[in-house]
Amino acid sequence: MTMTSHEFRTPLTTIFSSAELLEHYGNKWSECKKNNHLHRIQNMVQHMTRILNDILLIGKVEAGKIELQLKPIDLESFCTDLIYKIQLNDRNEHTIKFTYSLENFEKKLGSNHGKNNAASSFLSARPYMDEKLLRQILDNLLSNALKYSPKGSTVEIKLTCSANQAIFKISDQGIGIPEEDQGLLFETFHRGTNVGTITGTGLGLAIVKKCLDIYQGQIDLESEVTVGTTFTVTLPIYYLLSN
């Protein structure tokens with residue numbers, strides 16, 4: 001909780017400082033300098049909003065107020081759109097490489113085939129997933145990968161779809177996660193001991209784990225300090241016949 005308080009206190013201080021400077025010196029400053037302070041205020045408000053949304057989401061999950069909502073989704077387009085928005089926020093300081101592949105649908109039909117009357121051909125099947133939960137999972141993992149990686153490095157996301165599951169593999173070239181932290185990584189407010197001055201609340205991976213629990217998905221971790229980290233997320237996927 002101390003960490004979260006700090007995450008609120010810092011942007012509030014920045015907002016107050018910029019507002020005070022604008023009040024006293026705004027009439028003497030150039031438009032460029034005034035806009036810089038306005039942008040600082042806007043960025044800090046967005047930062048605080050994200051923290052509040054994260055805390056509210058965890059509360060809803062723990063209260064059992066979020067259930068799986070399956071809807072048709074174009075996974076490739078969904079990922080491409082999400083990556084585009086994340087790169088805009090990142091100001092293109094990193095490269096995100098996205099690859100998408102399909103396993104043989106007919107040969108790999110699993111238990112979901114019978115349960116959901118899946119199509120016998122991949123081309124005539126429509127994937128159904130929970131877009132909101134998927135967005136939370138991928139947004140947090142990709143944002144973390146960028147945050148803990150040096151500028152100019154590459155983050156990779158590989159998506160492989162089969163008849164009954166989607167596998168997302170997100171790899172970075174960042175600071176890595178010490179072995180002693182890995183067992184606590186998905187605990188609320190826990191952060192790695194090597195994060196240094198990199199800001200954060202310790203909520204992102206906790207949200208990922210809670211979303212995966214709702215989804216009955218799985219997450220695996222491989223990491224080496226100063227080398228990088230790979231998270232592999234496996235989610236069940238269902239198919240219905242197209243009309």
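Right, let's walk through the structure included here. It should be emphasised that the depicted structure is a prediction, and the values quoted were computed from it without experimental measurement.

Their axes nearest at 9 Å, the elements helix H5 (residues 131–147) and helix H7 (residues 204–215) cross at an angle of 150°. The pairing of H5 with H7 is recorded here as roughly antiparallel in orientation. Note on packing geometry: the crossing formed by H5 with H7 is left-handed. Between H5 and H7, the residues in contact are Leu 133, Gln 136, Ile 137, Asn 140, Leu 141 and Asn 144 and Gly 204, Leu 205, Ile 207, Val 208, Cys 211, Leu 212, Ile 214 and Tyr 215, respectively.

This part covers the environment of Gly 176. In this structure, Gly 176 sits in the loop between strand S5 (165–171) and helix H6 (179–182). Considering only alpha carbons, one finds Gly 176 and Ser 149, 27 residues apart in sequence, at a separation of 8.8 Å. When residues no more than four places from it in sequence are discounted, the contact partners of Gly 176 are Asn 194, Ser 223, Glu 224, Val 225, Thr 226, Gly 228 and Thr 229.

On inspection of all chains with the given rule, the structure shows two aromatic pairs. A centroid spacing of 6.2 Å and a plane angle of 25° characterise the contact between Tyr 25 and Trp 29, whose relative ring orientation is stacked. A ring pair is formed by Phe 186 and Phe 231, whose centres lie 6.5 Å apart and whose planes are at 70°; its orientation type is edge-to-face. Within this pair, whereas Phe 186 is found in the loop between H6 and H7, its partner Phe 231 is found in strand S7 (residues 228–236), the two being separated by 45 residues in sequence.

This next bit is on the sheet that holds strand S6 (residues 218–224). Backbone-to-backbone hydrogen bonds join strands into a sheet, with any given pair of strands oriented parallel or antiparallel. Within the open sheet, the five strands sit side by side as S2-S4-S5-S7-S6. Their pairing is mixed. Each of the sheet's edge strands pairs with one partner strand only, and the pair in question is strand S2 (95–102) and S6. Strand-to-strand twist of the sheet, defined as the mean angle between neighbouring strand axes without regard to direction, takes the value 10°. Across six bridges, strand S4 (residues 154–161) lies against S5 in antiparallel orientation. Counted as the bridge partner of Glu 156 is Ser 171 from S5.

Turning next to a positive patch on the surface. Taken together, Lys 60, Lys 65, Lys 71 and Lys 132 make up a surface patch of like positive charges. Structurally, the position occupied by Lys 71 is in strand S1 (residues 71–72).

Attention shifts here to unusual backbone geometry. The phi torsion at Arg 91 lies on the positive side, around 60°, for a residue other than glycine. Arg 91 gets classed as exposed once you look at its relative accessible area, which sits at 63%. A positive phi angle, near 55°, is found at Asn 92, a position not held by glycine.

Here we come to the nonpolar core. Counting 44 residues, the largest nonpolar core has Leu 75, Met 129, Leu 134, Leu 138, Leu 141, Phe 168 and Leu 235 as its most contacted members. Breaking this core down by element, the ones donating at least two residues are helix H2 (31–62), helix H3 (75–90), H5, S4, S5, H7 and S7. Apart from residues lying up to four places away in sequence, Leu 141 is in contact with Ile 170, Leu 205, Val 208, Ile 219, Phe 231 and Val 233. Judged by nonpolar contacts, the second largest core, of seven residues, contains Phe 8, Ile 15, Leu 22 and Met 48.

Let us now look at H7. For an α-helix, 3.6 residues make a turn, and residues three or four places apart therefore share a direction. With 12 residues, H7 should reach 16 Å at 1.5 Å per residue; the first-to-last C-alpha distance of 17 Å fits that figure. Summarising burial for H7: nine of the 12 residues are buried, a large majority. Where H7 is concerned, the buried positions are Gly 204, Leu 205, Ala 206, Ile 207, Val 208, Cys 211, Leu 212, Ile 214 and Tyr 215. Directly beyond the C-terminal end of H7, a positive phi value near 60° is found at Gln 216.

Right, let's get into the pattern of salt bridges. Charged atoms that come close allow side chains of opposite charge to pair. By the definition in use, this model includes six salt bridges. Among the salt bridges present, the one from Lys 210 reaches Glu 62, with a minimum N-O distance of 3.3 Å. One end of the pair, Lys 210, is in helix H7; the other, Glu 62, is in helix H2, and 148 residues separate them in sequence. A salt bridge links Arg 135 to Glu 131; the nearest nitrogen and oxygen atoms lie 3.3 Å apart. Pair noted here: Arg 135 and Glu 131 are both in helix H5, with a separation of four residues, about one helical turn. Accessibility expressed as a relative area gives 37% for Glu 131, which makes it partly exposed.

The rules we used
Residues numbered from 1 in each chain as written. Predicted model: local features only at pLDDT ≥ 70, side-chain atom pairs only at ≥ 80, totals over all residues. Heavy atoms only, no water. Axes fitted to C-alpha atoms, helices over the stretch in contact; angles between N-to-C directions. Helix = DSSP H or I, 4+ residues; strand = E, 2+ residues; numbered from the N terminus. Parallel < 35°, antiparallel > 145°, perpendicular 65-115°, else oblique. Left-handed = near helix turned anticlockwise from the far one by under 90°. Contact = heavy atoms within 4.5 Å. Phe/Tyr/Trp six-rings, centres within 6.5 Å; stacked < 30°, edge-to-face > 60°. Pairing = 2+ DSSP bridges. Patch = residues over 30% accessible without salt bridge, like charges linked within 9 Å, V, L, I, M, F, W, Y side chains within 5 Å. Areas by Shrake-Rupley, 256 points an atom, 1.4 Å probe, with all protein chains shown as cover. Salt bridge = Lys/Arg side-chain N within 4 Å of Asp/Glu carboxyl O. Lys, Arg positive; Asp, Glu negative; His and termini not counted. Charge placed at Lys NZ, Arg CZ, Asp CG, Glu CD. Buried < 20%, exposed > 50% of the residue type's maximum accessible area, 1.4 Å probe, protein only. Core = buried A, V, L, I, M, F, W, Y, C linked by side-chain atoms within 4.5 Å. Expected span 1.5 Å × (residues − 1).

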